[in-house]
Amino acid sequence: MVQPALEWQAGTVTAIRPETRQTKSFTFALPKWMAHRPGQHYDVRLTAPDGYRTERSYSIASPPEHVGELELSVELIPDGEVSPYLHDVLMLGDQLEMRGPIGGYFVWDVAIGGPLLLVGGGSGVVPLMAMLRHRAAQHATLPARLLYSSRSADDVIYRDELESLAASDPTFALFYTFTREPPVGWTGYRRRIDGAMLGEVIKPFDKRARVYVCGPTLLVEAVANALVQMELPIEQIRTERFGPTGA
Amino acid sequence: MDNDDGDMNTALMVDGNAVAGQLGQIFGRDMTMTVARCAGCARDAAMGALLAFIRGPGVVLRCPACQNPIARIVETPTAIYLEARGAAYLRMAPQP
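Residues numbered from 1 in each chain as written. Chains lettered and ligands numbered in written order. Predicted model: local features only at pLDDT ≥ 70, side-chain atom pairs only at ≥ 80, totals over all residues.

### Quick notes on the interface of chain A and chain B
Rules: Remark: residues whose backbone-derived C-beta atoms lie within 7 Å of one another are considered to be in contact. Going along the chain from the N terminus, every DSSP run of H or I of four or more residues is numbered as a helix, and every run of E of two or more is numbered as a strand. Following the grouping adopted for this structure description, the nonpolar residues are Ala, Val, Leu, Ile, Met, Phe, Trp, Tyr, Cys and Pro, the charged ones are Asp, Glu, Lys and Arg, and the polar ones are all others, Gly among them.
Counting from both sides, the interface comprises 20 residues of chain A and, opposite them, 23 residues of chain B. Only β6 (95-102), α5 (217-229) and β11 (237-242) of chain A provide two or more residues apiece to the side of chain A that touches chain B. Examining the composition of the side of chain A that touches chain B, we find that four residues originate from one element, β11(A), more than from any other. The residue inventory of the side of chain A that touches chain B, partitioned by class, reads nine nonpolar, seven polar and four charged.

### A word on the confidence of the model for chain B
Put simply, the test is: For every residue, the pLDDT score states the predictor's confidence, bounded by 0 at the bottom and 100 at the top.
A residue-level look at chain B finds 89% of positions with pLDDT of 70 or above and a mean pLDDT of 87. Model confidence for the complex is summarised by a pTM of 0.89, with the ipTM given as 0.72.

### A closer look at the sheet that holds strand β2 (residues 23-29) of chain A
Counted only if it meets this: A pair of strands is labelled paired if DSSP reports no fewer than 2 bridges between them. To get an axis, a line is fitted to the C-alpha atoms, and for a helix only the part in contact is used. The angle between two axes follows their N-to-C directions and goes from 0 to 180 degrees.
Strand order in the open sheet formed by six strands is β4-β3-β6-β1-β2-β5 (chain A), with antiparallel pairing between adjacent strands. Because the sheet does not close on itself, it has two edges, and the strands there are β4 (53-59) and β5 (69-75) of chain A. Strand-to-strand, the axes of this sheet are offset by a mean angle of 40°, without reference to chain direction. Relative to β6(A), strand β3 (residues 41-47) of chain A is paired through four bridges, and the arrangement is antiparallel. In the sheet register, V44(A) faces β6(A), and the bridge partner there is M98(A). On top of the sheet, helix α2 (residues 20-27) of chain B reaches β3, β4 and β6 of chain A; it is set at about 80° to β6(A), its chief contact.

### Side note on the environment of M34(A)
Tracing the chain through its elements places M34(A) in the loop between β2 and β3. With 184 residues separating them along the chain, M34(A) and L218(A) place their C-alpha atoms 33 Å apart.

### Quick look at the sheet that holds strand β9 (residues 172-181) of chain A
Each strand in a sheet pairs with its neighbour through backbone hydrogen bonds, running either in the same direction (parallel) or in the opposite one (antiparallel). Residues and elements named next belong to chain A. Sheet architecture is open: five strands sit in the order β9-β8-β7-β10-β11, paired in parallel fashion. Two strands close off the open sheet at either side, each with one partner strand: β9 and β11. Ignoring strand direction, the axes of neighbouring strands in this sheet form an average angle of 10°. Across five bridges, the pairing between strand β7 (residues 116-121) and strand β10 (residues 210-216) is parallel.

### Topic: unusual backbone geometry
The phi torsion of most residues other than glycine is negative, and most of the peptide bonds are trans. Residues and elements named next belong to chain A. Our working rule: Exposure in this text rests on C-beta crowding, where 20 or more other C-beta atoms within 10 Å of a residue's own make it buried, 12 or fewer make it exposed, and counts in between make it partly exposed. The C-beta atoms are placed from the backbone.
Here the bond from G100 into P101 is cis, since omega is -5°, no more than 30 degrees from zero. Among the structural elements, P101 can be located in strand β6. The omega torsion across G114 and P115 is 0°, close enough to zero to call that bond cis. Positionally, P115 belongs in the loop between β6 and β7. The backbone phi angle of D206 is positive, close to 50°, even though this residue is not glycine. Within the secondary structure layout, D206 lies in the loop between α4 (195-202) and β10. Here D206 falls in the exposed class, since 10 other C-beta atoms lie within 10 Å of it.

Below, the structure written as structure tokens:
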């Protein structure tokens, strides 16, 4: 697929929605909007009055079916350079320098097919959500599962949307694991993702699964190693790592 | 300790995908599916899957198999330096 050269453009904020205590979703209208592939990201650039510039990459949360706009979900990193600006300063109608869509590696669309296993940790769920939203917009029925690791139920991004999708779509299954504070009475997973957990979630798909893993580096490493030990063909595994100060 | 250093570096690592925008700017095309052959171990990897260290003053891309540095990128106000002697070659589809 050939893309025209990427150029910076000014996106205008059209909506801001809090997702969790730490995460907000920002919707931007773009003058040169281009359909993206779920999993791609945009670079965001801030320029200080003295000319100092800094850039960050943020995964696109919205599906390409959402024409003309795109949504980025951003986790607040308290001592970060960019996310505190986005969270605390950016307002409706403001403009931001952006370029994208970027990346051809960590992408999935219905043409690639399934069965689809998505594994996310924390804000690593964002590009996976774009895949699920695209799958829903296409009314695809290929089986999909999401294994999503969060510290607590309050940290689950897109919780209502995920749970209503799981309730209404029999071909989609949602698995949470809570690593710090499971809800009272929780009977599901309550530990970091490990090989045993992955083995249970992947079981109906077996070695046919196409797996997308996104999250902190250590989670991605653990999951990728476990998948390789299960002898899942390596070309069916795509990973995206966030550094610890990814935002 | 060596172990702590190793863990910290691993924790700071992201993928080549994280610098896809910068690579795209330099090469004028998406480079994440371009294959780099490591000059150290001769294995192939998509550039989007290289190990990327982006928190320094420049970017270092390493082979996911042997961790040999494949490429380094530094941008100054007047120039972009791309050193890639760790790559035996890059293989990409021709643009129609």
